[in-house]
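Overview (structure and organization)
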Amino acid sequence: MTFEAMWRDLHSVGRSATSGGYFRQPWTSAESELRAWFAEVTVARGLELETDGMGNQVAWWRPVAPSDLPAVLTGSHLDSVLDGGAYDGPLGVVSAIAAIDVLRARGFEPDRPIGVSVFTEEEGSRFGLACLGSRLVTGSSTWEEARERRDRDGIFLGDAVAASGLDPSTGLLSLDGVGCFVELHVEQGRDLVDRDVAVGVASEIWPHGRYRFDFEGEANHAGTTRMEDRRDPMLTYAMTALAANKQARLAEQRATFGRIEVAPNGTNAVPSRVTAWLDARCESDDALAELVDAISRQGSERASLDGTQLSVTAESVSGSVAFDPDLARSLAAIGDWPIIPTQAGHDAGILSAAGIPTAMLFVRNPTGVSHSPDEFAEMADCLAGVEALADTLAKLAS
């Protein structure tokens, strides 16, 4: 089965007939179908499949002669953001399987194991903690903490996992024998477009975080309450969102309020509460702390004027990640690929922070659009990415 055939297999799974975007949240029917697809195509290739109690998967290509050499791990994730694109995550998984096909067609025999991984809940779109699967596997988060997280419908993560027929008490994947990890991903930006090249290598991931802003006010009648008598948290939120935009632009960083919940959420009522989630990303850990502090401070100042209250909670924060520079330079030399930074978080960042030498390959995105149904990569560039990953794996597994 070619890359193109595998890509067609995934085209309709979890896809909205209305928007064309994807809803592949973890421990749902769409995500379960994707895990079953991964098991089917990898086992059909004679790979040795492991699935842990969270749904993380690795399919191993073992050397003919038993080897004690550290393994090479590749892969990505299959879940999506809400109404997301087709390429973010699945491109890395399908490309990894296709790269093994390419290596076998070349007659290549690895000297060390090569694994194709799928980490669950990378996006954090259901339970709010990005890269949950890889965090649990590396020990940077614990199951005891994670199981108590709730989704938007109030379902506990532990109950969602159990309802999918999984049980973390049976164990999680072990990365003890992994010597390096390489993740291929569609570029989420236009750097490669500007450079007019199909493939690039990552140098670093910007630090980033998700912060919950709780604005408390007083519910009241939208018609009978004079403007000067209101304690309107929506007004405080609106001014805080404008402050986030201004502060991020001044600092040349990133700040986005992309999710909001309002109570009681009535057209003819002044809200009693607004909860909004800030996504902030910066070029350094200090810059991230300064940006969030500036936004929080301006929000609190506005709250004092509006008669409301603001509290800020950091729900998920990932520090800066510098990928192994020697590994990046070595891989870039394979195809004279440029080395570029990324502002997006990835499982590769979690594994790197855990001490595993890690690299990333990017495939050109002609529009730069991501986390959207408009996310796209040309098939020729996808196939170039497969060849680049195959060359990379051959270098690392020899």
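Thresholds, definitions, all that
- Residues numbered from 1 in each chain as written.
- Predicted model: local features only at pLDDT ≥ 70, side-chain atom pairs only at ≥ 80, totals over all residues.
- Heavy atoms only, no water.
- Helix = DSSP H or I, 4+ residues; strand = E, 2+ residues; numbered from the N terminus.
- Rg over C-alpha atoms; globule rule 2.2 N^0.38 Å.
- Buried < 20%, exposed > 50% of the residue type's maximum accessible area, 1.4 Å probe, protein only.
- Contact = heavy atoms within 4.5 Å.
- Areas by Shrake-Rupley, 256 points an atom, 1.4 Å probe, with all protein chains shown as cover.
- Salt bridge = Lys/Arg side-chain N within 4 Å of Asp/Glu carboxyl O.
- Axes fitted to C-alpha atoms, helices over the stretch in contact; angles between N-to-C directions.
- Parallel < 35°, antiparallel > 145°, perpendicular 65-115°, else oblique.
- Nonpolar A, V, L, I, M, F, W, Y, C, P; charged D, E, K, R; others polar.
- Phe/Tyr/Trp six-rings, centres within 6.5 Å; stacked < 30°, edge-to-face > 60°.
- Lys NZ or Arg CZ within 6 Å of the ring centre and 35° of its normal.
- Patch = residues over 30% accessible without salt bridge, like charges linked within 9 Å, V, L, I, M, F, W, Y side chains within 5 Å.

Observations concerning the overall build of the chain
- In terms of helices and strands, the chain carries twelve helices and 15 strands.
- Relative to a compact globule of 398 residues, whose C-alpha radius of gyration would be 21 Å, the chain shows 22 Å and is just as compact.
- When the 398 residues of the chain are sorted by exposure, 54% land in the buried category.
- The long-range fraction of contacts in the chain, counting pairs at least 24 apart against all pairs at least 6 apart in sequence, stands at 76%.
- Accessible surface, the chain as shown: approximately 16,900 Å² in total, 48% of it carbon and sulfur.

A few points about the pattern of salt bridges
- Considering all chains together, one arrives at 18 salt bridges under this definition.
- Across the pair Asp279 and Arg281 runs a salt bridge, and its minimum N-O distance is 2.7 Å.
- A salt bridge links Arg329 to Asp326, with the nearest nitrogen and oxygen atoms 2.4 Å apart. One end of the pair is Arg329 and the other is Asp326, both in helix H10 (residues 325-335) and three residues apart, which spans about a single turn.
- The exposure class of Arg329 is partly exposed, given its relative accessible area of 48%.
- For Asp326, a relative accessible area of 52% gives the class exposed.
- The network of salt bridges with common partners includes Arg106, Glu387 and Asp391.

Let's talk about the packing of helix H2 (residues 29-44) against helix H3 (residues 90-105)
- Two elements in contact, H2 and H3, have axes separated by 11 Å at closest approach and are oriented at 10°. Our classification of the angle between H2 and H3 gives roughly parallel. For the pair H2 and H3, contact is made by Trp37, Phe38, Val41 and Thr42 and by Val93, Val94 and Ile97, respectively.
- Across the contact of H2 with H3, the residue classes tally to six nonpolar, one polar and no charged.

Section: the packing of aromatic side chains
- Counted by the stated rule, this structure contains ten aromatic pairs.
- The ring of Trp61 is capped by Arg104, whose NZ or CZ atom sits 5.1 Å from the centre of that ring.
- The ring of Trp277 carries the charged tip of Arg259 above its face, separated from the ring centre by 3.7 Å.

Section: a nonpolar patch on the surface
- On the surface, Leu235, Met239 and Leu242 cluster together into a nonpolar patch covering about 260 Å² of accessible area.
- Position of Met239 among the secondary structure elements: in helix H8 (residues 233-251).

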